[in-house]
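# Summary of structural features
Chain residues, written in single-letter form:
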Amino acid sequence: MMDPRDPLARRLARGRRLARWALGWEALWPRLWPVLGVAGLFLVLALSGLVALLPPWLHLLLLAGFAGALGTALWRAARGFSWPGDAAAERRIEAATGLKHRPLSTLRDHAVTEDPATLALWRAHQARALAGLARLRVGRPRPNLAARDPRALRAGLLVALTAALVIGGEAGPERLRRALWPSLHAAPLATPALKLEAWVTPPAYTGAAPLFLDPAGGTLSVPQGSRLQIALSGGRGGVPEMRLDAAATPMRVLEAGSYAAETVLEQGMRIALWRDGQEVAGWNFGVQADAPPMVAFTEPPGAAPRGTALRLPWKAEDDWAVTGLRAEMRLVARPEGEALVLDLPLPGGNPRQMRGVAQPDLSAHPWAGLPVQLRLVARDGAQQEGWSTPAGLVLPERSFNHPVARALIALRKTLSLDPAAREAARNGLDEIASKPEAFENDLTTFLALRVARHRLVRDRRPEAVAESQALMWQIAVALEEGRTDRTARALAAAREALREALAQAERTPPGAEARAELERRVQELREAVQRHLEALAERLRQENAEAMPYDPSQRMLDPRELERRTQEMQDSAREGRTDRLQQELAELEKMLDALQQGQAARPEGSNNRNSQRQQQQQQRGQQQMGAVQDMVQRQGEMLDRAYRRDESQPRPQERRPGAPPRPQPQQQGQQAAPERERAAEAQRDARQQRALRRALGELMQQFGDLTGEIPDALGRADQAMRQAQEALGQGGNPVPHQQEAIRELQEGGRQMAQSMQRQFGQGEGEGEGQGQAQENGGPGQGQQQGQDRMTGQAQGRDPLGRPAREAPGANDQGSDTQVPQEAEMLRSRRIQEELRRRGADRERPVQELDYIDRLLRAF
């Protein structure tokens, strides 16, 4: 026998106890499952309220049946059940642990003899049995309920019980009480009142509100495709049915005592509700068929009185609403070809009867100037369409004065009439390109012509013809008009697009897509206004026109006011405030119209300024030459700073007699601050060099616009400035590049003077131009002043060029001081360079170096 205090004995006792519980659960759970199933089924019926709906006698019968079933299940569960003992528990432990030869029985057994040898052998056997009991296991209980319930009815009962608990809610305890204790003398349940609701929903395209029907019945007419919906609740009886003439259909059950039915009314009929052989309600319906819309021209279509737009006066009507309108055009020469479809905007107001005048601009379309057949197509909400009588007309086209533009438009028409005539169009493009003098030898125009030709020859896609025609149109417009007219047309298109988007937003409910579309249209208008103002400013600069008078009442030329209004329009579009957006658009259009009128009024006085334009161009040229001199001065200042940085930089050299000693290592830290200052100054000079180079580029462009040619020396000066900028940015030596930039700038100034002389110096003394120039102190006077400066003596001056004391303006305090010319500045610069070169040579005598330092100190 084992000692009870032994740890192994205690562990074995705990294992026996757990094994008995596991064996007991495996035997008890299959016996309890039928009992729990009967009880769960009763709870489901009680909590769902079904038991309370039964008559009292059936309620009692049901309780008796459940009681009998529960008693039978309990009796069968208790019959033959006994709690497991230690022997069974040990067998389970041995089986779960995997022990062989029943070692636990060996521990309880004892020897039947007192023979020492036998006892020793028995104790050895027990010791070997104990050695195998180091790890005992009981195992999980396995009641094997799945074998008794292969269809998993227990899971369905659990789901039903959960649903019954949710349905019962707070009334669950009361329902359970009534299910267990039925009231045999309770009053009968009151019959709920009958409630009937019926309504007709017209189709969405009608926009009509739902029509509620009288429960007493009646006769009414509804649009075809309307939906009838009926809801019935309360009352006693079976499931009602809906009768459509002679056909009967049971109503759909929603819940206990509630029913619903619906149908689509496509034709006239009588619909009635019947229940238990009696008619509850009935209605006679007449159906209105939806007729297709009608559309027609109120006047013959044709060109608009002003501009190149197409005028399309129309009227349309429908029994409910016109939802869409489009124009379809076909070429008379190619009626079998694809039609040109234009969506026309619809005005607000009565959607059943509409009138309007559409004015689409098709002057840029390849069919412009060709005869077409036109018809209008209207569409209603039911997607039915109606057509107008076709009308013939010639699409309005834009007139071109440039011969090349006219030739390109003729080629476009040829391709529109016969898209297969690519060879003829190619020959026409080759002929135009072979005469570049006809389009002022413009390289861009020539390249565009070659691209159009290449597409016609190499690209065999049908779309290539339309792409070539679009390119021809762009070339013709570019030849005919300038940038200002193009931006004006783009601005007008952006304004029209915004107006159409506003009209569409008023017809449809506001939404995120509508607000995004409005915001996009406002942004396009904002960009178009900016581009048009830039084009106007560029044209004013090119023509050197005076500014238009400012009108405080219209505020038409204030860029900040334009920016503010467009920003407010964009904010209103983002917030969906269409009324505020319309107000801002109206104000902006007033400003733009006033600006356009002011620009249109300018050419009236242009003839009076022709005599002054040449003089203004000369003044601009003189200002640009003065700007070159200013650039030379600024470049010289940067060169001086570069020299000073180069001189202040320490250099390794031999110490000469009288020179200061070299800095020791403890002094090197003191040189770090000057080195940083030199680097910072070099970076500042690099930025200034970049700005100076940018200014030179703008000056070159302006001078090229003025005279048609750009001096080569200015281009070389730009290259030298770029190299100096790179050297300053990388810590290199910019001096050679800056010196070259100064030389090229001076050379460029001389070339500019020669170009001005060629443009305006000869042939201007003839007639009126010379007299006006002389009278206003023009070029003749400027040339005479230049000759006076070259000789150093003029009227009222002494031989040194100073004003004489008796001359008028002698007390001018130096107001007549002249800026040194390029030659003097270059000569002075070369002297400074030579002095700095010699001063950098520390091998020279000390007296010479001191003299050079005194000379350079003045600079």
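Residues numbered from 1 in each chain as written. Predicted model: local features only at pLDDT ≥ 70, side-chain atom pairs only at ≥ 80, totals over all residues. Heavy atoms only, no water.

## A look at the environment of Glu 647
Residue placement: Glu 647 occurs in helix H17 (residues 606-648). When neighbours within four sequence positions are excluded, Glu 647 is seen to be in contact with Arg 836 and Leu 856. (Helix = DSSP H or I, 4+ residues; strand = E, 2+ residues; numbered from the N terminus. Contact = heavy atoms within 4.5 Å.)

## Remarks on the packing of aromatic side chains
According to the stated counting rule, one finds 3 aromatic pairs in the structure shown. For the ring pair Phe 42 and Phe 66, a centre distance of 5.3 Å and an interplane angle of 70° mean the geometry is edge-to-face. Of this pair, Phe 42 sits in helix H1 (residues 7-47) while Phe 66 sits in helix H2 (residues 56-78), placing them 24 residues apart in sequence. On the basis of relative accessibility, which here comes to 10%, the residue Phe 42 falls in the buried class. In this structure Phe 66 comes out as buried when scored by relative accessible area, which is 14%. Ring geometry for Phe 400 against Trp 473: centres 5.6 Å apart, planes inclined by 90°, an arrangement best described as edge-to-face. Taken together, the residues Phe 400 in the loop between strand S19 (391-394) and helix H9 (403-417) and Trp 473 in helix H12 (residues 463-480) connect sequence positions 73 residues apart. The pair Phe 400 / Trp 473 is uniform in exposure class, with both members buried. Over the ring of Trp 274 we find Arg 243; its NZ or CZ atom is 4.1 Å from the centre of that ring. (Phe/Tyr/Trp six-rings, centres within 6.5 Å; stacked < 30°, edge-to-face > 60°. Buried < 20%, exposed > 50% of the residue type's maximum accessible area, 1.4 Å probe, protein only. Lys NZ or Arg CZ within 6 Å of the ring centre and 35° of its normal.)

## Let's talk about the sheet that holds strand S8 (residues 258-265)
Taken in spatial order, the 5 strands make up an open sheet running S2-S1-S4-S8-S7, and their pairing is antiparallel. Strands at the two margins of the open sheet, each flanked by one partner only, are strand S2 (211-212) and strand S7 (252-255). Sheet topology places strand S4 (residues 226-233) next to S8; 8 bridges connect them, and they run antiparallel. Bridged to Ser 226 within S8 is Leu 265. (Pairing = 2+ DSSP bridges.)

## Some remarks on unusual backbone geometry
In the Ramachandran plot, Asp 276 falls in the positive-phi region, its phi being about 55° despite a non-glycine side chain. Among the residues examined, Asp 276 registers a relative accessible area of 54% and is labelled exposed. Although it is not a glycine, Gln 383 adopts a positive phi angle of roughly 65°. As for its placement among the helices and strands, Gln 383 is situated in the loop between strand S17 (371-380) and strand S18 (385-387).

## Some remarks on a nonpolar patch on the surface
On the surface, Leu 443, Phe 446 and Leu 447 cluster together into a nonpolar patch covering about 280 Å² of accessible area. Among the secondary structure elements, Leu 447 is positioned in helix H11 (residues 443-458). By relative accessible area, Leu 447 is classed as partly exposed at 47%. (Patch = residues over 30% accessible without salt bridge, like charges linked within 9 Å, V, L, I, M, F, W, Y side chains within 5 Å. Areas by Shrake-Rupley, 256 points an atom, 1.4 Å probe, with all protein chains shown as cover. Salt bridge = Lys/Arg side-chain N within 4 Å of Asp/Glu carboxyl O.)

## Some remarks on the sheet that holds strand S6 (residues 247-250)
Pairing is mixed across the open sheet formed by 5 strands, whose spatial order is S3-S10-S9-S5-S6. The sheet terminates laterally at strand S3 (218-223) and S6, the two strands that pair on one side only. Averaged over all neighbouring strand pairs, the angle between strand axes comes to 25°, with direction disregarded. (Axes fitted to C-alpha atoms, helices over the stretch in contact; angles between N-to-C directions.)

## Re the pairing of S8
Burial analysis of S8 places 6 of its 8 residues in the buried class, the great majority of the element. In sequence, S7 turns back onto S8 through a hairpin of 2 residues, with Gly 257 there showing a positive phi of about 85°.

## Quick word on the nonpolar core
Counting residues in each nonpolar core, the largest one holds 27 residues, and the members touching the most others are Leu 312, Trp 314, Leu 325, Met 329, Leu 344 and Leu 376. Of all elements in the fold, only strand S11 (294-297), strand S13 (310-317), strand S14 (322-331), strand S15 (340-343), strand S16 (353-358), S17 and S19 reach the threshold of two or more residues within this core. Per-element accounting of this core gives the leading share, 5 residues, to S14. By size, the runner-up hydrophobic cluster in this structure holds 24 residues, among which are Ala 405, Leu 415, Ala 448 and Val 465. (Core = buried A, V, L, I, M, F, W, Y, C linked by side-chain atoms within 4.5 Å.)

## Things to note about helix H24 (residues 846-857)
Helix length check: H24 (12 residues) gives 16 Å between terminal C-alpha atoms against 16 Å at 1.5 Å per residue, within 8%. Every buried residue of H24 is accounted for by Leu 849, Ile 852 and Leu 856. One side of H24 carries all its buried residues, which in axial view fall inside an arc of 60°. Exposed residues pointing more than 90 degrees away from the buried face of H24 are listed as Gln 847, Arg 854 and Arg 857. (Expected span 1.5 Å × (residues − 1). Arc of directions from axis to C-beta.)

## Section: the environment of Asn 401
By the element assignment, Asn 401 lies in the loop between S19 and H9. The residues touching Asn 401, leaving out its near neighbours within four places in the chain, are Arg 406 and Glu 480.

## As for the packing of H9 against helix H10 (residues 422-433)
Relative orientation of the contacting elements H9 and H10 amounts to 170°, with a least axis distance of 9 Å. Taken together, the axis directions place H9 and H10 in an arrangement best described as roughly antiparallel. Contacts between H9 and H10 involve Val 404, Ala 407, Leu 408, Leu 411 and Leu 415 from the first element and Arg 422, Ala 424, Ala 425, Gly 428, Leu 429 and Ile 432 from the second. Residues that form the contact of H9 with H10 fall into these classes: 9 nonpolar, 1 polar and 1 charged. (Parallel < 35°, antiparallel > 145°, perpendicular 65-115°, else oblique. Nonpolar A, V, L, I, M, F, W, Y, C, P; charged D, E, K, R; others polar.)

## Let's talk about H9
The first and last C-alpha atoms of H9 sit 21 Å apart over 15 residues, in line with the 21 Å expected at 1.5 Å per residue. Those residues of H9 not exposed but buried are Val 404, Ala 405, Leu 408, Ile 409, Leu 411, Arg 412, Leu 415 and Ser 416. Around the axis of H9, the buried residues are gathered within 155° of arc, so they sit on the same side. Structurally, H9 contributes buried residues whose contacts are with S14, H10, H11 and H12.

In short, the description is geometric, and any link to function would need to be established separately.
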